[in-house]
Amino acid sequence: MDVKMTITEKIIAAHAEKERVVPGELVRVKVDLALANDITAPLSIKELEKHGIDQIADPGKVVLVADHNTPCKDIPSAQNVKLMRDFARKYGIPHFFEGGNVGIEHVLLPELGLVLPGDLVVGADSHTCTYGALGAFSTGMGSTDIAAAWALGETWLKVPESLRFVFEGEPQPFVTGKDFILFTIGQIGVDGARYCAMEFTGSAISRLSMDERFTMANMAIEAGAKNGIMEADEKTLHYVRSTGARREPKLYRSDADAWYRNTFTIDVSKIEPQVALPHLPENTRSVQSLPRIEIQQAVIGSCTNGRIEDLRMAASILRGRKVHPGVRLLIFPGSPRVLLEAEKEGLLRVFLEAGAVLAPPSCGPCLGGHLGVLAEGERCISTTNRNFVGRMGHVKSEVYLANPYIAASSAVLGYIAGPDKL
Amino acid sequence: MLIRGKVIKFGDNVDTDVIIPARYLTSSDPMELARHCMEDLDPTFAKRVTKETVLVAGRNFGCGSSREHAPLSIKASGVQAVIAESFARIFYRNAINIGLPILESAEAARRIKEGDEVEITLETGIIRNCTTGETFQAQAFPPFLQEIIAQGGLMNLVKKRVSS
Ligand code: SF4
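Counting from 1, residues in each chain are numbered in the order their sequence is written. Both sets of labels track the order of writing: A upward for chains, 1 upward for ligands. With the structure being a predicted model, the display of local features is reserved for residues of pLDDT at least 70 and the display and counting of side-chain atom pairs for 80 or more, all residues being used for whole-chain, interface and lining totals. In computing side-chain values, all of the structure's heavy atoms are included and hydrogens and water are not.

> So what's going on with the state of the cysteines? Which residues, and what values?
Whenever a pair of cysteine sulfur atoms sits within 2.5 Å, that pair is classed as a disulfide. A complete count under the given rule lists zero disulfides over all chains for this structure. We note that A:Cys72 lacks a disulfide partner, and the nearest cysteine sulfur, in A:Cys363, lies 12 Å from it.

> Now, about empty space enclosed by the protein: what can you tell me, with residues and values included?
Points on a 1 Å grid over protein atoms alone make up a cavity when a 1.4 Å probe fits among them but cannot get out, and a pocket when they form an open set with protein on both sides within 12 Å along at least five of seven lines; lining residues each have an atom within 4 Å of a point. Grid points are joined across faces, edges and corners, and a volume is the space filled by probe spheres set on the points. By the definition in use, this model includes two cavities of 30 Å³ or more. For the largest cavity, the calculated volume is near 230 Å³. As for the largest cavity, its lining consists of 23 residues, of which A:His68, A:Asp125, A:His127, A:Leu367 and A:Arg391 are closest to the centre. Mapped by element, the contributors of at least two residues to the lining of the largest cavity are α4 (105–111) and α10 (302–305) of chain A. By the convention adopted, Pro, Cys, Tyr, Trp, Phe, Met, Ile, Leu, Val and Ala count as nonpolar, Lys, Arg, Asp and Glu as charged, and the other residues, Gly among them, as polar. Of the residues in the lining of the largest cavity, the class split is eight nonpolar, nine polar and six charged. Note that the domain bounds were set by an automatic or database domain assignment. For the lining of the largest cavity, the two domains that each supply at least three residues are domain 1 (7–265) and domain 2 (280–421) of chain A. Each pocket or cavity is described by its volume, and for the second largest cavity that value is around 110 Å³. Along the walls of the second largest cavity sit 15 residues, with A:Ile221, A:Gly224, B:Cys63, B:Gly64 and B:Ala88 positioned nearest its centre. For the lining of the second largest cavity, a count of residues per class yields eight nonpolar, five polar and two charged. Only runs of H or I of at least four residues qualify as helices and only runs of E of at least two qualify as strands under DSSP, and these elements are numbered from the N terminus.

> Which residues make up the pattern of salt bridges, and what are the values?
One side-chain nitrogen of Lys or Arg within 4 Å of one carboxyl oxygen of Asp or Glu is enough to make a salt bridge. Summed over all chains, the structure comprises 37 salt bridges over all chains. Between A:Glu98 and A:Arg85 there is a salt bridge, and its shortest N-O distance comes to 2.8 Å. With a gap of 13 residues between them, A:Glu98 in the loop between β4 (95–97) and α4 and A:Arg85 in helix α3 (residues 75–91) connect regions that are remote in the sequence. For A:Glu98, a relative accessible area of 26% gives the class partly exposed. Here's how the labels work: a residue is buried when its accessible area is under 20% of the maximum for its type, exposed when over 50%, partly exposed in between, all with a 1.4 Å probe on protein chains only. Take A:Arg85: its relative accessible area is 23%, and that puts it in the partly exposed class. Among the ionic contacts, a cluster of salt bridges with common partners joins A:Arg28, A:Glu154 and B:Arg161.

> Which residues make up the packing of aromatic side chains, and what values go with them?
Note on ring pairs: Phe, Tyr and Trp rings are taken, using the six-membered ring of Trp, and paired if centres are within 6.5 Å. Classes follow the plane angle, with under 30 degrees stacked, over 60 edge-to-face and the rest tilted. Throughout the structure, instances matching the rule amount to 16 aromatic pairs over all chains. Pairing A:Trp156 with B:Phe144 gives two aromatic rings, centres 5.4 Å apart and planes at 75°, and the pair type is edge-to-face. Within this pair, whereas A:Trp156 is found in strand β7 (residues 154–158), its partner B:Phe144 is found in helix α7 (residues 143–150), the two belonging to separate chains. Put simply, the rings of A:Tyr195, B:Phe61, B:Phe87, B:Phe91, B:Tyr92 and B:Phe141 pair up and form one aromatic cluster. Both a distance and an angle decide whether a charge sits over a ring: NZ of Lys or CZ of Arg must be within 6 Å of the ring centre and within 35 degrees of the ring normal. B:Arg93 extends its terminal NZ or CZ atom over the ring of A:Trp156, reaching a point 3.9 Å from the ring centre.

> Residues and numbers for the interface of chain B and chain A, please.
The interface of chain B with chain A comprises 42 residues on the first partner and 53 residues on the second. Note on definitions: buried area is the accessible-area loss of two parts on being combined, 1.4 Å probe, summed for both. Interface area, chain B with chain A, both sides summed: about 4000 Å², of which 58% is carbon and sulfur. By the criterion of area lost to chain A, the three top residues of chain B are B:Arg89, B:Arg93 and B:Met155, representing 20% of everything that side buries. For the salt bridge of A:Asp145 with B:Arg93, the shortest nitrogen-to-oxygen distance reads 2.8 Å. Any N or O atom pair separated by 3.5 Å or less is treated as a polar contact, with the protein-specific requirement of one donor-capable and one acceptor-capable atom, and with residues adjacent in sequence counted only for side-chain atom pairs. Viewed at the interface, chain A and chain B are joined by 20 residue pairs in polar contact (both at pLDDT 80 or more). Taken together, the elements giving at least two residues each to the side of chain B that touches chain A come down to α1 (16–19), α4 (69–76), α5 (89–98), α7 and α8 (154–163) of chain B. The residue inventory of the side of chain B that touches chain A, partitioned by class, reads 18 nonpolar, 12 polar and 12 charged. The contact criterion used throughout is that any non-hydrogen atoms of two residues lie within 4.5 Å.

> Explain the packing of helix α2 (residues 41–50) of chain A against α3(A) to me, and be specific about the residues and the numbers.
All names here are of chain A. At a closest axis distance of 9 Å, the pairing of α2 and α3 adopts a crossing angle of 55°. Between α2 and α3, the interaxial angle falls into the category oblique. In this structure, α2 meets α3 at a crossing whose hand is left-handed. Where α2 approaches α3, its residues Ala41, Pro42, Ile45, Lys46 and Leu48 are matched on the opposing element by Asn80, Leu83, Met84 and Phe87. Each residue belonging to the contact of α2 with α3 can be placed in one class, and the counts come to seven nonpolar, one polar and one charged. Each axis is a line fitted through C-alpha atoms, and for a helix only the stretch in contact is used; angles between axes span 0 to 180 degrees, taken between their N-to-C directions. Oblique is the label for any angle not covered by the other classes, which are roughly parallel (under 35 degrees), roughly antiparallel (over 145) and roughly perpendicular (65 to 115). Throughout, a crossing is termed right-handed when the near helix is turned clockwise from the far one, and left-handed when it is turned anticlockwise from it by less than a right angle.

> Any details on the site of the ligand? Residues and values, ideally.
Residue and element names in this part refer to chain A. Throughout this document, a residue counts as near a molecule or strand when at least one of its heavy atoms sits within 4 Å of that molecule or strand. In the vicinity of the ligand lie 13 residues, with His127, Cys303, Cys363, Cys366 and Asn385 positioned nearest. In this structure the site holding the ligand corresponds to the largest cavity. Elements with a minimum of two residues in the shell around the ligand: α4 and α10. By residue class, the composition of the shell around the ligand is five nonpolar, five polar and three charged. Assignment to a cavity or pocket requires that more than half of a molecule's atoms be within 2 Å of the site's grid points.

> Could you give an account of the sheet that holds strand β5 (residues 120–123) of chain A, naming the residues involved and the relevant values?
Strands in a sheet are paired, the pairing made by backbone hydrogen bonds, and the direction either parallel or antiparallel. Residue and element names in this part refer to chain A. Any two strands are treated as partners once DSSP identifies two or more bridges connecting them. Strands sit in the order β4-β3-β2-β5-β6 across an open sheet of five strands; the sheet is parallel. Strands at the two margins of the open sheet, each flanked by one partner only, are β4 and β6 (137–140). Between one strand axis and the next, the sheet turns through 15° on average, direction left out of account. Direction of pairing for strand β2 (residues 33–37) relative to strand β3 (residues 62–65): parallel, over a ladder of four bridges. Residue pairing in the sheet places Ala36 in a bridge with Leu64 of β3. Contacts between helix α5 (residues 143–152) and the sheet are confined to β2, β3 and β5, with β2 contributing the most and set at about 140° to the helix.

> Kindly report on the pairing of strand β17 (residues 379–382) of chain A, identifying the contributing residues and their values.
Residue and element names in this part refer to chain A. As paired strands, strand β14 (residues 297–301) and β17 are joined by three bridges and run parallel to one another. Among the inter-strand pairings, Val299 is bridged to a residue of β17, identified as Ser382. As defined by bridge partners, β17 adjoins strand β18 (residues 398–401) across four bridges and the pair is classed as parallel. Pairing of Arg379 across the sheet is with Glu398, part of β18.

> Describe the domain arrangement of chain A, and please don't skip the residues or the numbers.
All names here are of chain A. For chain A, the assigned domains are domain 1 (7–265) and domain 2 (280–421). Taken together, the contact pairs 39 residues of domain 1 with 38 residues of domain 2. On inspection of domain 1 and its partner domain 2, the count reaches one salt bridge. Arg386 is the partner of Glu222 in a salt bridge, and the nearest nitrogen-oxygen pair spans 2.5 Å. For the pair domain 1 and domain 2, the interface holds 25 residue pairs in polar contact (both at pLDDT 80 or more). Contributing elements (two or more residues each) for the side of domain 1 that touches domain 2: α4, α6 (177–188) and α8 (210–218). For the side of domain 1 that touches domain 2, the residue count by class is 14 nonpolar, 17 polar and eight charged.

Structure follows, in structure tokens:
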């Protein structure tokens, strides 16, 4: 029987050791990697201990990244990282990251070659969907699910229906993958892809760099999706080879006449640089249409836009300019490798001369944890992915989401605007 | 199992950052988390919630982060069950895994009002509004999830499989 499947269905079928799967079906799947961080891992570890389970199916498939509240902001955070460290030692888990090895998990794992095309990855972090940019199936779950995956080496999934997003056309200046995804979320809403796979395709996706593809897949969860995914191409394979990955990638493609619940075609030449207003990522507008919105903080970094290209975009705006005196610009490179590359290219000097604060690779302000929390009434333009109430600090603070060009130009201007206003 | 409670009602897209803000996530103690449950959305919630509270909410309840601290804090605060028009998927899994009863019914979520008394029969998914006399049928759980619920959470199932 000639069965048509999407890339998401094919990867799930392969990991369920089945010929085919159909949307809605519940399957048990083998996992290639199961990730947790310093907020979610402690709960997973405690769940295992509470139930007297001391079996880890394959320690090589466990990844622990202490990226959220690190460098540890207080004693409870330090205790949490200690718990992870002891757990990693006890079970001989090789992929435990802290200190100078730590980067934001979703920047770190791909660049270390830990996730490859065709993999099935689960993580106790909702932005685990980022790895879809490599042509992998990856999705976020809770701590208990991840504890179960560590113990058993497998998990259960409901096969999602797929939504196809076809991006065509040439983008305007300063329009990036971030704008594609913000625009899309603005169109379909924060639950527009709930429980679905978002498959990104089309010539405009082929032209995107890997870094921009990661940005897009990262925000699939902001539309409620289970995963975001793109087929691997030459760029993907080139990227994967550059990581020194030790396993072989597996390439899957959607069949031409696979079933989709819906197909959306987006002409990217019509997209202007986007800003998502508080307090939902779906509140998107073109930056041109905004009134004068003054800001007190700008954040460039995170698992959404903390990669080298993001820093290059920011530096291209900040070179020879100064951050507005009323604004704190915080720059968070996503990983040690990104930081080193930025140093080599002279970007760090650009940032420091512009008056930015350079922070270590960490989630930091993205979730209002530390290293840049907002006070009552403060506004922040940020390249991160969420602008919920209180996300970055005080319940009466505001977060505006945008790409690195807009964040950088707003930091210079003191209000939200694109580079054309400089 | 029969659950009875008085309703506290919320709107659409209640996200995990307002259910339990990240600043409290250095703790995983359910009682500590419960003290701050919903505080950014409704600072009076911790005072109003009792051991006989049922939450009713709109679309996409629990969207955002994967933090299991969210359903844990709701459960520890005393909430007996959450009825919503729809749930975000990670929250849905987490709630089942930790044994927080959740029910999906668009009609119930729309028609039940703040302060109403409701009665829920978990096995059948029937929700009765004792204040108005209306009844609603929530979506049934697939058998696999029923098994997790019957075992009292995912880890009990895992433990069985590990030891067999
Ligand atoms: S950078 Fe922000 S969104 Fe990404 S993993 Fe860290 S806290 Fe989550």
